[in-house]
Amino acid sequence: DGVVRISPPGDAEMFAVVHSVDALGLDTIGAYGGDIFVGTNHMDRIDRILPSGVAVSFSDFPYDMAGCVEAIAFAPPGKYGELMYVATSSVHGTDPCWAGLHTVDTDGNPTRFAPDIVAAYDLAFDPCDMFCGDLFVLGMKDFNDWDVVWRVTPDGTPIKFAIPDHAGPHVLAMAFDPNGM
């Protein structure tokens, strides 16, 4: 497992060895050194990938959640404290302290954010301010309910935004196109 670098002609090479990678985020504004960060599956941690390709531990979640870091996104300049946001799910499935939405500061300290979301699978910031630059999270407020796309305000309040058609394909990821749609 690891992070693979692909050159413009399409040549692939291992850049960093990290076991059980589930999520990848790139700090494009430089608040976290401009580095790549990867989340691990069932290892409760985020590793920082240095420019040399060396992986170093960045954040170990203090919860005995044994869950998955599903997605990593960085808040845009001037929004949401310019922090790292992390979506986590839980393999245990019933204890809301084990999963959800977290912020991680530049020292690697995680803090629960939007505690009403008990499991999160993906997240994205509106890059074009079509939705005020808000954070959107695919997740659930109840382990007995369906996944919903939540619009999360800067104070951590989740507002139901879209309910995927659960008779159709399962939503696994989301993103904004260049026009913010």
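Look up: the structure comes first, before these words.
Here the structure is a predicted model, which means the values were calculated and not measured.

Definitions and cut-offs
Residues numbered from 1 in each chain as written. Predicted model: local features only at pLDDT ≥ 70, side-chain atom pairs only at ≥ 80, totals over all residues. Heavy atoms only, no water. Phe/Tyr/Trp six-rings, centres within 6.5 Å; stacked < 30°, edge-to-face > 60°. Helix = DSSP H or I, 4+ residues; strand = E, 2+ residues; numbered from the N terminus. Buried < 20%, exposed > 50% of the residue type's maximum accessible area, 1.4 Å probe, protein only. Pairing = 2+ DSSP bridges. Axes fitted to C-alpha atoms, helices over the stretch in contact; angles between N-to-C directions. Contact = heavy atoms within 4.5 Å. 1 Å grid on protein atoms, 1.4 Å probe; cavity = no way out; pocket = protein on both sides within 12 Å on 5 of 7 lines; lining within 4 Å. Points joined across faces, edges and corners; volume = space filled by probe spheres on them. Nonpolar A, V, L, I, M, F, W, Y, C, P; charged D, E, K, R; others polar.

Some words on the packing of aromatic side chains
Aromatic rings considered in pairs are described by the distance between their centres and by the relative angle of their planes.
Here comes step 1: Under the defined criterion, the tally for this structure stands at 12 aromatic pairs.
Here comes step 2: Their ring planes at 65 degrees and their centres at 5.0 Å tell us that Phe-37 and Phe-58 sit as a pair that is edge-to-face. Residue Phe-37 is found in strand S4 (residues 36–40), and its partner Phe-58 is found in strand S6 (residues 55–60); the two are separated by 21 residues along the sequence.
Here comes step 3: For the pair Phe-136 and Phe-161, a centre-to-centre distance of 4.9 Å together with 70 degrees between the ring planes defines the contact as edge-to-face. Of this pair, Phe-136 sits in strand S12 (residues 135–140) while Phe-161 sits in strand S14 (residues 158–162), placing them 25 residues apart in sequence.
Here comes step 4: What makes Phe-136 buried here is its relative accessible area of 2%.
Here comes step 5: For Phe-161, a relative accessible area of 40% puts it in the partly exposed group.

Structural notes on the pairing of strand S9 (residues 100–104)
Here comes step 1: Of all five residues in S9, five are buried; the element is thus mostly enclosed.
Here comes step 2: Across five bridges, strand S8 (residues 84–89) lies against S9 in antiparallel orientation. What sits directly across from Val-86, in S9, is His-102.
Here comes step 3: Summarising the sheet, S9 and strand S10 (residues 110–113) pair through four bridges and their orientation is antiparallel. Note on S10: the bridge partner recorded for Leu-101 is Phe-113.
Here comes step 4: The hairpin formed by S9 and S10 contains five residues between the paired strands, and Gly-108 there has a positive phi angle of roughly 90 degrees.

Brief notes about unusual backbone geometry
Here comes step 1: Residue Glu-82 is not a glycine yet carries a positive backbone phi of 50 degrees.
Here comes step 2: Topologically, Glu-82 is positioned in the loop between strand S7 (68–74) and S8.
Here comes step 3: Residues other than glycine seldom take positive phi values, yet Cys-132 does so here, at roughly 60 degrees.
Here comes step 4: Position of Cys-132 among the secondary structure elements: in the loop between strand S11 (119–125) and S12.

A look at the sheet that holds S10
Here comes step 1: One open sheet accounts for four strands, arranged S7-S8-S9-S10; its pairing is antiparallel. Edge positions in the sheet fall to S7 and S10, since each of these pairs with one other strand and no more. Averaged over all pairs of adjacent strands, the angle between strand axes in this sheet comes to 30 degrees, irrespective of strand direction.

Digging into the environment of Gly-39
Here comes step 1: Tracing the chain through its elements places Gly-39 in strand S4.
Here comes step 2: On the basis of relative accessibility, which here comes to 0%, the residue Gly-39 falls in the buried class.
Here comes step 3: Along the primary structure Gly-39 and Leu-24 are separated by 15 residues, whereas in three dimensions their C-alpha atoms are 6.4 Å apart.
Here comes step 4: In this structure Gly-39 touches Ser-20, Val-21, Asp-22, Ala-23, Arg-45, Ile-46, Val-69 and Ile-72, once residues within four positions along its chain are discounted.

Describing the layout of surface pockets
If a probe as big as a water molecule is rolled over the atoms, it shows which places are left empty.
Here comes step 1: Estimates place the volume of the largest pocket at around 180 Å³.
Here comes step 2: At the level of secondary structure, the elements contributing two or more residues to the lining of the largest pocket comprise strand S3 (21–26) and S7.
Here comes step 3: Here the lining of the largest pocket is built from residues that sort into nine nonpolar, two polar and no charged.

Comments concerning the sheet that holds S14
Here comes step 1: Sheet architecture is open: four strands sit in the order S11-S12-S13-S14, paired in antiparallel fashion. Looking at which strands have only one partner, the edges of the open sheet turn out to be S11 and S14. Each strand axis lies, on average, 35 degrees off the axis of its neighbour in the sheet, ignoring direction.
Here comes step 2: With six bridges connecting them, S11 and S12 associate as antiparallel partners. Among the inter-strand pairings, Asp-122 is bridged to a residue of S12, identified as Leu-138.

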